[in-house]
Amino acid sequence: MKSMLLAVGGNYLIRAGETGTIAEQLANIRRTAGEIIGLIRAGYHIVLTHGNGPQVGAALLRSERGASQVPGHPLHVCDACTQGEIGYLLQQSLDSELRLAGLHVPVVTVLTQSLVSLDDPAMKQPNKPIGPFYSRADAEERQRLFGWKIVEDAARGYRRVVPSPEPIEILELEVIRDVVEKGVLVIACGGGGIPVAWVNGALQGVEAVIDKDRASALLASSLGVDLFVISTDTDYVYLDYKKSTQRPLRQVSAAELGEYARAGHFPPGNMGPKVESVLRFLRNGGQEAIITSCENLCKAVAGSAGTHIVPGHGRASVELHAELELPVGGR
């Protein structure tokens, strides 16, 4: 069988306009589970990674609100809690769907730690917003009490920011590899993994957030999977996204996708990290990556949807607006 690492975003569990109840998250997971069943039928061993941004924000808020009654949790412990929470919901849904499909595929969640360096330049430049919004007075009080770095969002208030260092190593890699080889569907690296560092010969949790797609690319490369797939809220990677000249990329080489990235087509807070991550995977020996929506996973893997990225220097296949009459790959 072929192997695939599938990275799904935390926001697919909580859609726009939803409050994030467990019932809502389970319903959203079941829709994605159907696509995963199709991928298993197509002959793939799957490693599933996921985001946890909304869930960690909720966990931090619960911890803060309950601090007068019970001890609060630091960010790295909230990461661990949400890995277990989301892993449980995914396991339950996938087990149910696999049984209905008549497939015997065990599912397991591996609580995953991602090693970072305390010397990473990002540790001195916190820029990743987490948790709730505060008034200026509340933010300044927390900054004084806890040493947080706070930034202002002019429309919504003030928010804590933390570093987003590079993941160096997936500490549970060999366990994940062994379980995958036994035919188990593995859920791992939730939220990019729990950030940890070696301090005086011992592992220690770090108050940071690791980009989920970067950690997924590292895990995909380390496992040597055949295919790396990132699901997001768009069907394709687009050039000139949300402009009148918007058009999707269907087939593109790593070299040309890198050119588009350098030209500024993929914003840092949106498609940028996903494009960067698939390029890393291909530079490290990967043979193909796909970016598409959760709803089109099976079609994309079959070749009829999504943006397919491969090594090399070939020209991109771009769907153009008829009235533009641009050459393939033009901007």
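Conventions adopted
- Residues numbered from 1 in each chain as written.
- Predicted model: local features only at pLDDT ≥ 70, side-chain atom pairs only at ≥ 80, totals over all residues.
- Heavy atoms only, no water.
- Pairing = 2+ DSSP bridges.
- Helix = DSSP H or I, 4+ residues; strand = E, 2+ residues; numbered from the N terminus.
- Axes fitted to C-alpha atoms, helices over the stretch in contact; angles between N-to-C directions.
- Phe/Tyr/Trp six-rings, centres within 6.5 Å; stacked < 30°, edge-to-face > 60°.
- Buried < 20%, exposed > 50% of the residue type's maximum accessible area, 1.4 Å probe, protein only.
- Parallel < 35°, antiparallel > 145°, perpendicular 65-115°, else oblique.
- Left-handed = near helix turned anticlockwise from the far one by under 90°.
- Contact = heavy atoms within 4.5 Å.
- Nonpolar A, V, L, I, M, F, W, Y, C, P; charged D, E, K, R; others polar.
- Polar contact = N/O pair within 3.5 Å; in protein donor to acceptor, adjacent residues only side chain to side chain.
- Core = buried A, V, L, I, M, F, W, Y, C linked by side-chain atoms within 4.5 Å.
- Salt bridge = Lys/Arg side-chain N within 4 Å of Asp/Glu carboxyl O.

This part takes up the sheet that holds strand β6 (residues 149–153). Read across the sheet, three strands follow the order β5-β7-β6 without closing on themselves; strand pairing throughout is antiparallel. Edge strands, defined here as strands with exactly one partner in the open sheet, are β5 (128–134) and β6. On average, each strand axis in the sheet is tilted by 35 degrees relative to the strand beside it, whichever way the strands run. As judged from the four bridges shared by β5 and strand β7 (residues 157–162), these two strands associate in the antiparallel manner. Looking at β7, one finds that I130 is bridged to R160.

Summed over the entire model, instances satisfying the criterion amount to five aromatic pairs. A ring pair is formed by Y134 and W148, whose centres lie 6.2 Å apart and whose planes are at 45 degrees; its orientation type is tilted. Of this pair, Y134 sits in strand β5 while W148 sits in the loop between α4 (136–146) and β6; the two residues are 14 residues apart in sequence, bridging distant segments of the chain. With respect to class, Y134 is no different from W148; both count as buried. An aromatic cluster is present here, built from Y134, F146 and W148 joined pairwise through their rings.

So, about the packing of helix α6 (residues 212–223) against helix α8 (residues 272–283). Where α6 contacts α8, the axes come no closer than 9 Å and their chain directions differ by 15 degrees. Classified by the angle their axes make, α6 and α8 are roughly parallel. Both α6 and α8 take part in a crossing whose hand is right-handed. Residues D213, R214, A217, A220 and S221 of α6 touch α8, and the partners they reach there are P273, K274, E276, S277, R280 and F281. Of the residues contributing to the contact of α6 with α8, the split by class is four nonpolar, two polar and five charged.

Glancing now at the pairing of strand β12 (residues 227–232). β12 sits mainly inside the fold: six of its six residues count as buried. The side-chain alternation of β12 yields two buried faces, one formed by L227, V229 and S231 and the other by F228, I230 and T232. Judged from the five bridges that link them, strand β1 (residues 2–8) and β12 form a sheet pairing that is parallel. Within the sheet, the bridge partner assigned to A7 lies in β12 and is I230. Bridge count between β12 and strand β15 (residues 289–293): five bridges; the pairing is parallel. Bridged to V229 within β15 is I290.

Time to look at the sheet that holds strand β4 (residues 113–115). Strands in a sheet are paired, the pairing made by backbone hydrogen bonds, and the direction either parallel or antiparallel. Here we have four strands laid out as an open sheet, ordered β8-β4-β10-β11, and mixed in their pairing. Bordering the open sheet on either side are β8 (169–170) and β11 (202–205), each of which pairs with just one other strand. Two strands pair when backbone bridges link them, and β4 and β8 are joined in this way by two bridges, in the antiparallel orientation. Following the sheet pairing, S114 is matched in β8 by I170. On top of the sheet, helix α3 (residues 75–100) reaches β10 (194–199) and β11; it is set at about 135 degrees to β10, its chief contact.

With respect to the helices and strands, the residue D120 is situated in the loop between β4 and β5. One polar contact links the side chain of D120 to the main-chain amide nitrogen of E166, over a distance of 2.9 Å. Once residues lying within four places of it in the same chain are set aside, the contact partners of D120 are P165 and E166.

Nonpolar side chains in soluble globular proteins tend to end up buried together. The biggest cluster of nonpolar side chains holds 43 residues, and the ones touching the most others in it are I176, L219, F228, L257 and F266. Membership of the second largest hydrophobic core comes to 35 residues, among which are I46, V229, Y236 and V301.

This next bit is on the pattern of salt bridges. Pairing between side chains becomes possible if they bear opposite charge and their charged atoms approach one another. Considering all chains together, one arrives at 14 salt bridges under this definition. Close ionic contact of E166 with R280 constitutes a salt bridge, the shortest N to O distance being 2.7 Å. One end of the pair, E166, is in the loop between β7 and β8; the other, R280, is in helix α8, with 114 residues separating them in the sequence. Residue R280 is classed as partly exposed on the basis of its relative accessible area of 22%. Several salt bridges converge on common partners, so that one network encompasses E166, R214, E276 and R280.

Packing of helix α7 (residues 254–262) against α8 brings their axes to within 10 Å, and their N-to-C directions diverge by 150 degrees. Relative to α8, the element α7 is oriented roughly antiparallel. In the packing of α7 onto α8, the handedness of the crossing is left-handed. Together, A254, L257, G258 and A261 of α7 and V275, V278, L279 and L282 of α8 make up the contact between the two elements. Split by residue class, the contact of α7 with α8 holds seven nonpolar, one polar and no charged.

Glancing now at unusual backbone geometry. Here N200, not a glycine, exhibits a phi torsion of approximately 55 degrees, which is positive. Given the relative accessible area of 80%, N200 is considered exposed.

That is the geometry; function is a separate question.
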